[in-house]
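Chain by chain, the residues run as shown.
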Amino acid sequence: MSTLSTLSTPHPDTDRVLRRRRVRRSWGQPWLYLPLAGALLLMIAPFLWMLSGSFKPEADIRRVPPVLIPTAPTTSNYGELFSRLDFTSMFANSVIVALAVTAGNLIFCSMLGYALAKLEFRGKHAVFLLVMGTLMIPGLVTFVPLYVLVSNMQLTGSLLGLILPFLAGPFGVFLMRQFISTLPDELIDAARVDGCRELAIFWKIVLPLTKPALATLGIITFLGSWNNFLWPLVVAQNESQYTLPVGLALASSGQSFTVFGILLAGAVVVLLPVMIVFLLFQRQFVAGIATTGLK
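Each value, and the rule that gives it
- Residues numbered from 1 in each chain as written.
- Predicted model: local features only at pLDDT ≥ 70, side-chain atom pairs only at ≥ 80, totals over all residues.
- Heavy atoms only, no water.
- Helix = DSSP H or I, 4+ residues; strand = E, 2+ residues; numbered from the N terminus.
- Buried < 20%, exposed > 50% of the residue type's maximum accessible area, 1.4 Å probe, protein only.
- Contact = heavy atoms within 4.5 Å.
- Areas by Shrake-Rupley, 256 points an atom, 1.4 Å probe, with all protein chains shown as cover.
- Phe/Tyr/Trp six-rings, centres within 6.5 Å; stacked < 30°, edge-to-face > 60°.
- Lys NZ or Arg CZ within 6 Å of the ring centre and 35° of its normal.
- Expected span 1.5 Å × (residues − 1).
- Bend = angle between axes of the 7 residues up to and from the residue.
- Core = buried A, V, L, I, M, F, W, Y, C linked by side-chain atoms within 4.5 Å.
- Patch = residues over 30% accessible without salt bridge, like charges linked within 9 Å, V, L, I, M, F, W, Y side chains within 5 Å.
- Salt bridge = Lys/Arg side-chain N within 4 Å of Asp/Glu carboxyl O.
- pLDDT = per-residue confidence, 0-100.

**Looking at the overall build of the chain**
Across its full length, the chain holds 16 helices and zero strands. Across the 295 residues in the chain, those meeting the buried criterion constitute 32%. Taking contacts inside the chain between residues at least 6 apart in sequence as the whole, the part at least 24 apart equals 74%. About 18,300 Å² of surface is accessible on the chain, with carbon and sulfur atoms providing 70% of the total.

What follows is the structure, given as structure tokens:
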């Protein structure tokens, strides 16, 4: 009995150490939360300013010193934005281009990523090095050659010219290759033994297991395509092919000045679909980022 009571009774020194740890942890948490809260405030401050400015008259936006809360809130910026823009057409163009580019990247990048991760063929490492090399080339370097290529194919002034050059990207190939590399080879080998072909293995086994990576790639690709400005500005020949960022820039620019109220209202409108997509797939996005590259 004495031995059992000794074992069940915690040592006074142990209780003292545990109390000290709890005190240190309770005092350390505010010092951890304060810098995190400051960083969060710095990150959301531009968005708060954008949302607030979209409801301000132009005079309030240009006021010095600036004020965050509108003195006379108004929705005239949104009304003038929609009156200046063919909003329905530009929104449809942005949706078509972004969805097509995203779908193309999900299909083609996952196919090439599967080939580089699980198939054996001559020149496999050379192809992967080529993909990594193109990943390091800035987009502006290939902008002019890409435009010449699209122009020679007579795709300027069409939505296909906005979509075709971006149906696959090196980052997507690298992301999918790294994620698919973490899948067990035994699963794929068992499917091959059962007589399953490579396309069926890819479609029925690999793709369902890569949902986190696909969600991550989809969000990143959709965001980049939705916010793309320079390429649609150059390739689109008339207003019927403009996307929202291009139309917003042209609608908010006067002959000698920029109307910041319309610009901020348009930025809110452009941001909303991206926020909705991210909120719908945020769990898969975080899971894909956290597990990509782990072996």
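**Topic: the environment of V246**
Examined against the element boundaries, V246 turns out to sit in helix α14 (residues 244–251). The spatial distance from the C-alpha of V246 to the C-alpha of A236 is 9.5 Å, given a sequence separation of ten residues.

**Quick word on the packing of aromatic side chains**
The description of an aromatic ring pair rests on the distance of the ring centres and on the angle between the ring planes. Tallied over the entire structure, the rule returns six aromatic pairs. Here F55 and Y78 contribute two aromatic rings whose centre-to-centre distance is 5.4 Å and whose plane-to-plane angle is 45°, an arrangement assigned as tilted. A residue pair is termed long-range when its members are at least 10 positions apart, and F55 in the loop between α2 (12–53) and α3 (58–61) and Y78 in helix α4 (residues 76–84) qualify at 23 residues. Ring pairs connect the aromatic residues F91, F222 and W226, which therefore count as one cluster. Over the aromatic face of F128 sits the side chain of R177, whose NZ or CZ is 4.3 Å from the ring centroid.

**As for helix α15 (residues 260–280)**
The periodicity of an α-helix, 3.6 residues per turn, causes residues three or four places apart in sequence to face the same way. Spanning 21 residues, α15 covers 30 Å between terminal C-alpha atoms, matching the ideal 30 Å at 1.5 Å per step. Maximum bend of α15: about 25°, positioned at L271, with proline P273 one to four residues after it. Listing the buried residues of α15 in full gives G261, I262, L264, A265, G266, V268, V269, V270, P273 and V274.

**Quick look at the nonpolar core**
Membership of the largest hydrophobic core comes to 23 residues, with the highest contact counts inside it found for L81 and W226. Where this core is concerned, the elements lending two or more residues are α4, α5 (87–118), α12 (211–226), α14 and α15. Ranked by the residues each element gives to this core, the list is headed by α15, at seven residues. For W226, the residues in contact, after removing those within four places along its chain, are F91, S94, V95, A98, L244, P245, V270, P273 and V274.

**Description of α14**
Most of α14 sits inside the fold, with six of its eight residues counted as buried. Buried positions along α14 lie against α4, α5, α12, α13 (230–235) and α15.

**Looking at a nonpolar patch on the surface**
A cluster of nonpolar side chains, L40, L41, M43, I44, F47, L48, L68 and I69, forms an exposed patch at the surface whose accessible area comes to about 810 Å². Along the chain, L48 turns up in helix α2.

**Let's talk about the confidence of the model for the chain**
A residue-level look at the chain finds 84% of positions with pLDDT of 70 or above and a mean pLDDT of 81. Mean pLDDT across the elements of the chain bottoms out in helix α1 (residues 2–8) (45) and peaks in α5 (92). Confidence over residues 1–8 falls short of pLDDT 50; this stretch has zero contacts with residues more than four positions distant or in other chains.

**A few points about the environment of I201**
Along the polypeptide, I201 turns up in helix α11 (residues 198–209). Considered as a pair, I201 and D189 are twelve residues apart in the sequence and their alpha carbons are 9.7 Å apart. Apart from residues no more than four positions distant in its own chain, I201 is found in contact with Y114, I188, A191, R192, C196 and V206.

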